[in-house]
Amino acid sequence: MSACGQGVLAKRLNRIGYERYVGFDISQTAIDQAKRALPDPRNTYLVGDATRFETADRFDLIVFNECLYYMDDPAAVVRHYLKLLEPGGHISISMYDTLRSHTVWPLLDMLTMVEAAQIRSGEKATWTVKLMRPRVI
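Predicted model only: the values in this text are computed from it and were never measured.

Trainee: So what about the side chain of Asn 43? Which residues, and what values?
Mentor: Tracing the backbone through its elements, the reader meets Asn 43 in strand β3 (residues 43-47). By relative accessible area, which is 9% here, Asn 43 ends up buried. Beyond its immediate chain neighbours, meaning those up to four positions away, Asn 43 contacts Ala 10, Tyr 18, Tyr 21 and Leu 38.

The structure is reproduced here in structure tokens:
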């Protein structure tokens, strides 16, 4: 499951094997673009507010790609999605390094980091990508 925009992640998933992908975005236009670009029967694209998304499905991986810093309460959003993880599942978070993203990372104390990477494009643009799992208390 992923905040999908126009389907960039789904396109990259075609390089590896996967059983099912659910892309979710608030923009109908973005979802329409993803459906046209990647009409794969394994892919499902949904439109809606990420803060209210509910499903009985469970996922091995939930991806927040360039979206958490737009949420009013990013920690509450992540906590909301933890209940959608399969046991042993992970959350992947990518954020462009800004003042806002630097305030979001410390709020995610319900997660523990598995692996992290920084990606640089040019001299100024930097993204942080973290693979995380729910913190065991």
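Continuing now.
Trainee: Please set out unusual backbone geometry residue by residue, giving values where relevant.
Mentor: Residue Glu 66 is not a glycine yet carries a positive backbone phi of 55 degrees. In this structure, Glu 66 sits in the loop between β4 (59-65) and α3 (74-82).

Trainee: Describe the packing of aromatic side chains, with residues and values.
Mentor: Inspection of the entire model under this criterion finds six aromatic pairs. With a centroid separation of 6.2 Å and an interplanar angle of 65 degrees, the aromatic rings of Tyr 21 and Tyr 45 are classed as edge-to-face. With a gap of 24 residues between them, Tyr 21 in strand β2 (residues 21-25) and Tyr 45 in strand β3 connect regions that are remote in the sequence. Here the aromatic rings of Tyr 69 and Tyr 70 are separated by 5.0 Å at their centres, their planes lie at 75 degrees, and the arrangement is edge-to-face. Note on Tyr 69: relative accessible area 13%, which makes it buried. A network of ring pairs unites the aromatic residues Phe 24, Phe 53, Phe 64 and Tyr 81 as a single cluster. Here the guanidinium or amino end of Arg 42 rests over the ring plane of Tyr 18, the centre of that ring lying 3.9 Å away.

Trainee: Describe the side chain of Ser 92, with residues and values.
Mentor: Among the structural elements, Ser 92 can be located in strand β5 (residues 85-96). The exposure class of Ser 92 is buried, given its relative accessible area of 16%.

Trainee: How would you explain the pairing of β2 if you had to name every residue and give the values?
Mentor: Both faces of the sheet carry side chains from a regular strand, because those side chains alternate between them. Where burial is concerned, most of β2 is hidden: five out of the five residues are buried. Side chains Tyr 21, Gly 23 and Asp 25 of β2 all project onto a buried face; the interleaved residues Val 22 and Phe 24 project onto the opposite face, where all are buried too. You can see the chain leave β2, run along helix α2 (residues 28-37) and come back into β3, and the turn it takes is right-handed.

Trainee: Lay out a nonpolar patch on the surface in plain terms, naming residues and giving numbers.
Mentor: The grouping of Leu 61, Val 114 and Leu 131 at the surface amounts to a nonpolar patch, some 200 Å² of accessible area in total. Residue position: Val 114 is located in strand β6 (residues 111-121).

Trainee: An account of the environment of Lys 83 is needed here, citing residue identities and associated values.
Mentor: Summarising the element assignment, Lys 83 is placed in the loop between α3 and β5. Judged by relative accessible area, which is 44%, Lys 83 ranks as partly exposed. Separated by 37 residues in sequence, Lys 83 and Leu 46 place their C-alpha atoms 19 Å apart. Each residue touching Lys 83, except ones within four places of it in the same chain, is listed here: Glu 54 and Arg 58.

Trainee: Tell me about the pairing of β3, residues and numbers included.
Mentor: By the bridge criterion, five bridges tie β2 to β3 in an arrangement that is parallel. Residue Phe 24 lies in a different strand from β3, and its bridge partner there is Leu 46.

Criteria and cut-off values
Sequence order sets the numbering: in each chain, residues are counted from 1 along the sequence as written. In keeping with the predicted nature of the model, local features appear solely for residues at pLDDT of at least 70, side-chain atom pairs appear and are counted solely at 80 or more, and the whole-chain, interface and lining totals rest on all residues. Each side-chain value is worked out from all heavy atoms of the structure, with water and hydrogens disregarded. Starting at the N terminus, helices and strands are each numbered in turn, a helix being any DSSP run of H or I of at least four residues and a strand any DSSP run of E of at least two. The buried label applies to any residue whose accessible area, calculated with a 1.4 Å probe on protein chains only, is under 20% of its type's maximum; exposed applies above 50%, and partly exposed to all values in between. Throughout, a residue-residue contact means that at least one pair of heavy atoms, one from each residue, lies within 4.5 Å. Each Phe, Tyr or Trp ring (for Trp, its six-membered ring) is paired with any other whose centre lies within 6.5 Å, and the angle between the two planes then decides the class: stacked below 30 degrees, edge-to-face above 60, tilted in between. Whether a charge lies above a ring is judged from NZ of Lys or CZ of Arg, which has to be within 6 Å of the ring centre and within 35 degrees of the ring normal. Seen with its strands pointing away from the viewer, a crossover is right-handed when the path leading from the first strand over the helix to the second is clockwise. A residue counts toward a patch only above 30% relative accessible area and without a salt bridge, and it is joined to like-charged neighbours within 9 Å or, for Val, Leu, Ile, Met, Phe, Trp and Tyr, to nonpolar neighbours within 5 Å. Areas reported as accessible are Shrake-Rupley estimates using a 1.4 Å probe. Residue values count occlusion only from the protein chains shown. Each reported salt bridge corresponds to a side-chain nitrogen of Lys or Arg within 4 Å of a carboxyl oxygen of Asp or Glu. By the convention used here, strands pair only if DSSP detects at least 2 bridges between them.

Keep in mind these values describe shape, not function.
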